[in-house]
Amino acid sequence: MKIAVLGTGAGARCHAAKLKELGHQVTVGTRDPEATLARTEPDMMGTPPFADFLAGHPDLALTTFADAAAAGELVINGIDGANAVRTLTAIPSGALAGKVLIDYAVPFIYNPDVPHPWPTPWGTMPRLSPVDTDSLGEQIQRALPDTKVVKAFVTQEQETVVNPAEFGGGDHTMFVAGDHEDAKTAVAELLRSYGWSDILDLGSLHAARGMEMHSHLHTAIGLALGGSHRFGIKIVRT
Ligand SMILES: NC(=O)c1ccc[n+]([C@@H]2O[C@H](COP(=O)([O-])OP(=O)(O)OC[C@H]3O[C@@H](n4cnc5c(N)ncnc54)[C@H](OP(=O)(O)O)[C@@H]3O)[C@@H](O)[C@H]2O)c1
């Protein structure tokens, strides 16, 4: 299948590499391919330059967000949450219309002057916006009414998303939410190819609010475990 991965960050790289390994035709999107390839320093999270990653994955195509979206039959959104709506709506509408878009971005706003700051080893924890009564997933769906948005991935570590079997016997729970049943079916199929067996459909895209807000709990769990453990979320039922 032709799949567009919009984003060059660590999460997007996990998906691009895994999808290629699974035999898909993958196009990665960025703002300016030349500028992205010219970077030589790690980003603020310590992620190495994209050119280093591409050297190890020469089969991946890198192009603009718009051209990548146009090339994909399915689109994965890994654009920085604060810029996702503006960037996705700048893509000519024909490139995304009628397609399934999996959104795993978190609407983090990095502002060192937030009230009630939460200091972490990597700086002040960003706040979420939108939050509580809206979500980035819903914003994207409203902005792209002809696209079928599914929120997924966001409650698990990115390495676990693409390889759940890496620890815990692969027995974690993956959540999906969206307003289009056929789109969620397509996403579940992709997830099964990643190795997921416990996929919980949370219903409409309203559930994206809780999925995005989970990022604070995810951070707290990571800090409690001292940053030295991988962990997953499992829903235990009767
Ligand atoms: N498990 C998960 O689902 C999971 C895990 C980690 C992170 N996340 C979330 O996924 C998203 C991507 O995270 P990440 O760490 O992979 O990458 P990131 O560093 O948060 O974002 C990188 C992407 O955002 C684009 N970007 C940054 N600033 C932009 C701007 N002003 N305008 C347009 N595009 C801009 C970059 O474009 P260029 O390519 O041009 O640089 C790049 O493609 C974030 O929202 C993050 O919180 C989810």
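Residues numbered from 1 in each chain as written. Predicted model: local features only at pLDDT ≥ 70, side-chain atom pairs only at ≥ 80, totals over all residues. Heavy atoms only, no water.

In this section: the site of the ligand. Surrounding the ligand, one finds 26 residues, the nearest of these being Thr-8, Thr-30, Arg-31, Val-106 and Gln-156. Residue Arg-31 places a side-chain N or O atom 2.9 Å away from an oxygen atom belonging to the ligand. With respect to the ligand, the side chain of Arg-86 contributes an N or O atom lying 3.2 Å from a nitrogen atom. Contact with the protein chains removes 80% of the 910 Å² of surface that the ligand exposes when unbound. Elements supplying a minimum of two residues to the shell around the ligand: helix 1 (10-21) and helix 5 (84-89). A per-element tally of the shell around the ligand places helix 1 first, with 3 residues. (Near = heavy atom within 4 Å. Polar contact = N/O pair within 3.5 Å; in protein donor to acceptor, adjacent residues only side chain to side chain. Areas by Shrake-Rupley, 256 points an atom, 1.4 Å probe, with all protein chains shown as cover. Helix = DSSP H or I, 4+ residues; strand = E, 2+ residues; numbered from the N terminus.)

Another point: the nonpolar core. Ile-76, Ile-102, Phe-153, Leu-190, Leu-191 and Tyr-194 are the most contacted members of the largest nonpolar core, which has 34 residues in total. Among the elements that make up this core, the one with the highest residue count is helix 8 (residues 181-194) (6 residues). Excluding its chain neighbours within four sequence positions, the residues that come into contact with Ile-102 are Leu-74, Val-75, Ile-76, Asn-77, Val-150, Ala-152, Phe-153, Val-187 and Leu-190. The next biggest cluster of nonpolar side chains, apart from the first, holds 20 residues, and it includes Ala-68, Leu-101, Ile-140 and Ala-208. (Core = buried A, V, L, I, M, F, W, Y, C linked by side-chain atoms within 4.5 Å. Buried < 20%, exposed > 50% of the residue type's maximum accessible area, 1.4 Å probe, protein only. Contact = heavy atoms within 4.5 Å.)

One pass over the structure, following the stated rule, counts 4 aromatic pairs. Aromatic pair Phe-108 and Tyr-110: ring centres 6.2 Å apart, planes at 65°, arrangement edge-to-face. A relative accessible area of 16% means that Phe-108 is categorised as buried. Taking 6.4 Å as the distance between ring centres and 35° as the angle between the ring planes, the aromatic pair formed by Phe-153 and Tyr-194 counts as tilted. With Phe-153 in the loop between strand 10 (148-152) and helix 7 (158-162) and Tyr-194 in helix 8, the pair connects residues that are 41 residues apart, well separated along the chain. Taken together, the ring pairs in this structure connect Tyr-104, Phe-153 and Tyr-194 into an aromatic cluster. (Phe/Tyr/Trp six-rings, centres within 6.5 Å; stacked < 30°, edge-to-face > 60°.)

With that out of the way, let us pick up the pattern of salt bridges. Close approach of charged atoms allows side chains with opposite charge to pair. Under the defined criterion, the tally for this structure stands at 13 salt bridges. The shortest N-O distance in the salt bridge between Glu-21 and Lys-18 comes to 3.8 Å. With a gap of 3 residues between them, Glu-21 and Lys-18 both fall in helix 1, about one helical turn apart. A residue is classified by how much of its surface remains accessible, and Lys-18, at 12% relative accessible area, is buried. A salt bridge links Lys-184 to Asp-201; the shortest N-O distance between them is 3.0 Å. Here the residue Lys-184 occupies a position in helix 8, and Asp-201 occupies one in strand 12 (residues 198-201), the gap between them amounting to 17 residues. With relative accessibility at 4%, the residue Lys-184 sits in the buried group. (Salt bridge = Lys/Arg side-chain N within 4 Å of Asp/Glu carboxyl O.)

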